[in-house]
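Listed below are the residues making up each chain.
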Amino acid sequence: VTVVTVQPPTKARMRSCLTKIAKKEGIEADVPREYYEEVHLAGGGDMRHAVLDMQFRYGAGRRKVGGKRKRKGGGGQQGDEDGDGASSSGKDARLSMFHAL
């Protein structure tokens, strides 16, 4: 049995990686500077936690349309005729599977 010890990334390394991801995803303007320290402390230096947190806070359900950030489905969610988050099936479309967990 071989034990491999992996050290968590430093704050600077985590910030660098998350900044690169944010630039590639086009969300760099959405992510405040304080976020990087906050996510490092909250996740204990876990890069997977940081990437998922950033995805759900700033990227999940969004896409670039004409150079501007836009929620999928236009003004509301799919099936959301009046923009209140409730679809025609009665399901609250604003919540993702992540919220259910």
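Everything here concerns the structure above.
Participant: Can you tell me about the overall build of the protein, naming the residues and giving the values?
Facilitator: Within the protein, the regular secondary structure consists of four helices and two strands. Ordering the α and β elements of the protein from the N terminus gives α-α-α-β-β-α. Evaluated residue by residue, the protein yields a buried proportion of 21% over its 101 residues. Taking contacts inside the protein between residues at least 6 apart in sequence as the whole, the part at least 24 apart equals 43%. A total of about 7600 Å² of accessible surface is found on the protein, and carbon and sulfur atoms cover 53% of it.

Participant: So what's going on with the nonpolar core? Which residues, and what values?
Facilitator: Of all hydrophobic cores here, the largest spans eleven residues; its members are M14, L18, A22, I27, V31, Y35, Y36, V39, A50, M54 and Y58. Excluding its chain neighbours within four sequence positions, the residues that come into contact with A50 are M14, L18, Y35 and V39.

Participant: So what's going on with the side chain of H40? Residues and values would help.
Facilitator: Examined against the element boundaries, H40 turns out to sit in helix 2 (residues 34-43). Here H40 falls in the buried class, since its relative accessible area comes to 13%. A polar side-chain atom of H40 sits 3.1 Å from the main-chain carbonyl oxygen of P9. If we skip the residues at most four places from it in the chain, H40 touches P9, T10, K11, M14 and G45.

Participant: A description of the pattern of salt bridges should follow, citing residues and the corresponding values.
Facilitator: In total, this model carries four salt bridges according to the counting rule given. We note a salt bridge from E38 to R57, for which the minimum N-O separation is 2.8 Å. Remark: R57 occurs in helix 3 (residues 47-59) and E38 occurs in helix 2; sequence separation between them is 19 residues. Note on E38: relative accessible area 38%, which makes it partly exposed. For R57, a relative accessible area of 39% puts it in the partly exposed group. Between R57 and D53 there is a salt bridge whose closest N-O contact spans 3.0 Å. With R57 and D53 both in helix 3, this residue pair falls four residues apart, about one helical turn. One connected set of salt bridges, linked through shared partners, spans E38, D53 and R57.

What counts and how
Residues numbered from 1 in each chain as written. Predicted model: local features only at pLDDT ≥ 70, side-chain atom pairs only at ≥ 80, totals over all residues. Heavy atoms only, no water. Helix = DSSP H or I, 4+ residues; strand = E, 2+ residues; numbered from the N terminus. Buried < 20%, exposed > 50% of the residue type's maximum accessible area, 1.4 Å probe, protein only. Contact = heavy atoms within 4.5 Å. Areas by Shrake-Rupley, 256 points an atom, 1.4 Å probe, with all protein chains shown as cover. Core = buried A, V, L, I, M, F, W, Y, C linked by side-chain atoms within 4.5 Å. Polar contact = N/O pair within 3.5 Å; in protein donor to acceptor, adjacent residues only side chain to side chain. Salt bridge = Lys/Arg side-chain N within 4 Å of Asp/Glu carboxyl O.

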